[in-house]
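One-letter residues, chain by chain:
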Amino acid sequence: MKHILRRVKNRIRRTFLAPATTQTSEVTPPTYTTPHLVEGVDSLIKRQVSSIDFNGAYLTIKGIAYFEKFPEKDEEKIIKSLILSTEDSPEIEIPLVNRSNEDNRFPVAGYSGVVNFSVLNHGKPLAPGQYDIQIQLKQYLSDGWLIQRTTLGKIANCDHDLSYITKMTSYSAKKNSEYRLIFKYNFAANALRVESNILSEIDPLTNELDTEFVLESPFMHSLKRRVLKLAYNWYHLLPVNPKKISFVSDSRTSISGNFEFIYKELLRRHTNFKISFYLKPSIKARKSWHEVFTLAKAFATSRYILLDDFYPLIYPLKIRQNTDLIQVWHAVGAFKTFGYSRVGMPGGPKLDSLNHRNYTKALVSSTHVADKYAEGFGISENNIVTTGIPRTDIFFDHDYETQIRQKLQKDLPFIKGKKVVLFAPTFRGNGQQSAYYPFEEINFRKIYEALHEDYVFLLKIHPFVQNKPNIPYKYADFFHDVSDYREINDLLLIADELITDYSSVCFEYALLKRPIIFFAPDLADYMQKRSFYFDYLDFIPGPLAENTPELIQQIKQPNFNRHKLDTFVNYFFDQPDGKASERFVDNLINGFADQEPVSVNKTNDPEVSPDGKVVPHWGQQK
C-alpha cells in the first residue's frame, strides 16, 4: 500500500508542480551519465545464466538480464555489471558487454563477461575475503536511472550446487604470494560466492634454497667481487697469452648453445688455442676462493674471454689492451628492448651502471640490429660483429636434424605419428625474482578437446618462470612439459608449428620456414610495461592470436605468409648459410683483422640494403 501511495504522490507532484512550458520551449535530451536516480519505481529483474566456465582464475559468463516492466531497445540506456561485495572491502564492479537477445521485447537483454581474478586487485589477485557475486542492472528511464542488483539466477542445464577450486599467484622482487580461490554456486538460492585465501607468502630469495648449488651470501659475494678485482690487477704483471680462450658463464654448467658450436669448430680446425671453461649454474652460486683467484688470472691473461649471458663479476674490470671480452649472447635478433634501451623503464638499468659496457666485441646476426645491441649494451657500434650466431648453424645441417629427430623420438616417444606444436613463450615481470607466466590466459581444456587426436602439445617454459601450469592429469597424453630440455633449438627442429609471444625464439624458428603463431592475449598490458624495437603488429612474421579460440583456429589452419617470413629472415640474418661458427673462429684466428665497421645503409634508398635485399617498411631507417 505504501508503495502505491508513493507512486501516486510522485505522479501528482509531476503533474501540478512542474513548471509551465510553452510550445517554443526546447526539450533537453536525456543525459545518460547523470547520476540522478528515479524515485518510486521498481521492477523485478528477470535473469538467467546461459553458460558459466572456469579456467584457472578466469571466469567466463553469459546470460540474460532485464527489467520485466521496462522493455528497451537502445543498448546505451542499459548498463550491466557484476558486483563483488564483502563486509571488509569496497565493492568491485566489473562491466559486462551487452549482447542481443531473441526476445523482441528485450533485444539487448543478453550479456557476456570475462573476469581474471588473478589481477582484479589493481593488477594483483583478489584480496582475501568472502565475496557475493551479484548482477547489477542499470537502465535509464524518462526521469532518471533505475538501478537494482540481485543474485545471478539459475544456470541453464544445472540442477545442483557447484564448486570450483583453483590457485592464483603473485610475483614481485620482494614477495611471492600464492592464493586459493574457491567458487561456490548455491542452486537453491541461485547465488554465486567466491572466497580468496592466502596460502603462502615467500621472500623470492628463499625460493632458491632448494637448488642443487650452494648460494653465496650477499656479504661474501660483495667481498669476493672486490678481491677478484684486486687479484685481477695483480695478475696484470703476467703477459696476455695470445693463444688462450676462456669460456665463462654463470647460467650453464655444460658446454651448450653458442659455446658448443664455437668449441666444436675450434676442435675441427685443430687450432692450437688453449681452451678453458669456467661455468656455474647461476650468478648466485657460491664461488670458492680458489675459483675467485683462478677467474682473476684467467681474465687477466686470456686473449679472448667469451660470455654468453649476464656476468656481473667482470663488469667492474678494465679489460687489458691485448684482450677481447666478447659477448656471444644467448638470443638472436632484436625484439623487445633490453639493457640500456630500457633506461627509465621498470626493471631498467641506471645510467651510471657498469653492466655490459666493457665488451670489446658483441656478436649479432645482422647489421640491421647492430645499433640496437650497441644501445642495449652501452657500447660503440664499432664493437659489434655481424658474422652471425653460431648456434643457428644447426638449422642448415640436415644430418644433425636427422640425428636429433631420431634421438628425440626415442626420448619423447609420444611425438610419433603426431603433429608437434611447441609452446615457447617468454616470462612476464621485471626480472628473475618476479618472473611468471599468465597460464590462466590459456584454456587447456578447449585446446585438448580440439586438437588431441592429431597433435601433441609441448611446453618449453622460460627458466625464470616460477609458477607452473595447472593442467589436469587426464590431459597428460597431450600436454608435455619439456622445459628441462636445455637446448630449445633441438626442439625447434621437431616442431611443426611454434607458438610464442615476445620471445626471440621466433628468429631461429623462422630459418626453418615453418608456421609461427604469436599468442599474445596480454599485448596491450605488455606494451605498457615493455617496449619493442619495431612495431609489433607489423613486424611479427605470423598471425596474432589473442585468445584460445583464435589460437586453436590458427593451429588447425595456419595462416602461412611465406613472403613475409622470407623478408623477416633476410632482414635479421645477413648470411643465413650455416657458416656462422666458421666465420667467428676465422676472426679468433686472425684477431678480428678482417672486421669492417658496421654500416646499416650505404645506399640512398631506404627500401634496399647495401647487399641488395629489400628492407621491410617496419625496418627502414627513419
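The structure reproduced in this document is the subject of the present report. (Residues numbered from 1 in each chain as written. Predicted model: local features only at pLDDT ≥ 70, side-chain atom pairs only at ≥ 80, totals over all residues. Heavy atoms only, no water.)

**Some thoughts on the pairing of strand E22 (residues 516–519)**
Then comes step 1: Going residue by residue along E22, you find Ile 516 and Phe 518 tucked away on one face and Ile 517 and Phe 519 tucked away on the opposite face as well.
Then comes step 2: In this fold, the crossover linking strand E21 (residues 497–500) to E22 by way of helix H9 (residues 505–510) has right-handed handedness.
Then comes step 3: Direction of pairing for E22 relative to strand E23 (residues 544–545): parallel, over a ladder of 2 bridges. Within the sheet, the bridge partner assigned to Phe 519 lies in E23 and is Ala 545. (Buried < 20%, exposed > 50% of the residue type's maximum accessible area, 1.4 Å probe, protein only. Helix = DSSP H or I, 4+ residues; strand = E, 2+ residues; numbered from the N terminus. Right-handed = clockwise from strand over helix to strand, strands pointing away. Pairing = 2+ DSSP bridges.)

**Examining the packing of aromatic side chains**
In this description, a pair of aromatic rings is defined by centroid distance and the angle of the planes.
Then comes step 1: Applying the stated rule across the entire model yields 53 aromatic pairs.
Then comes step 2: Aromatic pair Tyr 66 and Phe 106: ring centres 4.0 Å apart, planes at 25°, arrangement stacked. A residue pair is termed long-range when its members are at least 10 positions apart, and Tyr 66 in strand E2 (residues 58–67) and Phe 106 in the loop between strand E5 (97–99) and strand E6 (110–116) qualify at 40 residues.
Then comes step 3: Between the aromatic rings of Phe 534 and Tyr 571, the centroid separation amounts to 5.8 Å while the plane-to-plane angle is 85°, which identifies the pairing as edge-to-face. Separated by 37 residues along the polypeptide, Phe 534 in the loop between helix H10 (523–529) and helix H11 (536–539) and Tyr 571 in helix H13 (residues 562–572) bring together distant segments of the chain. Accessibility classification places Phe 534 together with Tyr 571 in one group, the buried group.
Then comes step 4: Here the basic side chain of Lys 138 rests over the ring of Trp 145, its NZ or CZ set 5.1 Å away from the ring centre.
Then comes step 5: The positively charged end of Arg 357 is found above the aromatic ring belonging to Tyr 340, 4.0 Å away from the centroid. (Phe/Tyr/Trp six-rings, centres within 6.5 Å; stacked < 30°, edge-to-face > 60°. Lys NZ or Arg CZ within 6 Å of the ring centre and 35° of its normal.)

**Digging into the sheet that holds strand E1 (residues 45–55)**
Then comes step 1: Strand order in the open sheet made by the 4 strands is E1-E2-E6-E5, with antiparallel pairing throughout. Whereas interior strands pair on both sides, the edge strands pair on one side only; in this sheet they are E1 and E5. Here the strands of the sheet are splayed against their neighbours by 25° on average, with no regard to which way each runs.
Then comes step 2: As judged from the 10 bridges shared by E1 and E2, these two strands associate in the antiparallel manner. Following the sheet pairing, Asn 55 is matched in E2 by Tyr 58. (Axes fitted to C-alpha atoms, helices over the stretch in contact; angles between N-to-C directions.)

**Remarks on the nonpolar core**
Then comes step 1: Judged by nonpolar contacts, the single largest core of 103 residues is most densely connected at Phe 299, Leu 306, Phe 572 and Leu 588.
Then comes step 2: Looking at this core element by element, the count peaks at 6 residues for helix H4 (residues 289–301).
Then comes step 3: Beyond its immediate chain neighbours, meaning those up to four positions away, Leu 588 contacts Ile 245, Ile 262, Leu 266, Phe 273, Tyr 304 and Ile 326. (Core = buried A, V, L, I, M, F, W, Y, C linked by side-chain atoms within 4.5 Å. Contact = heavy atoms within 4.5 Å.)

**Remarks on the pattern of salt bridges**
Then comes step 1: With the rule as written, the count across this model stands at 25 salt bridges.
Then comes step 2: Here Lys 513 and Asp 566 are joined by a salt bridge, their closest N and O atoms 2.9 Å apart. With Lys 513 in the loop between H9 and E22 and Asp 566 in helix H13, the pair connects residues that are 53 residues apart, well separated along the chain. (Salt bridge = Lys/Arg side-chain N within 4 Å of Asp/Glu carboxyl O.)

**Looking at the side chain of Ser 302**
Then comes step 1: One can find Ser 302 in strand E14 (residues 302–307).
Then comes step 2: Residue class for Ser 302 comes out buried when judged on its relative accessible area of 0%.
Then comes step 3: In this structure the side chain of Ser 302 is engaged in a polar contact, spanning 2.6 Å, whose partner is the backbone oxygen of Ala 298. (Polar contact = N/O pair within 3.5 Å; in protein donor to acceptor, adjacent residues only side chain to side chain.)

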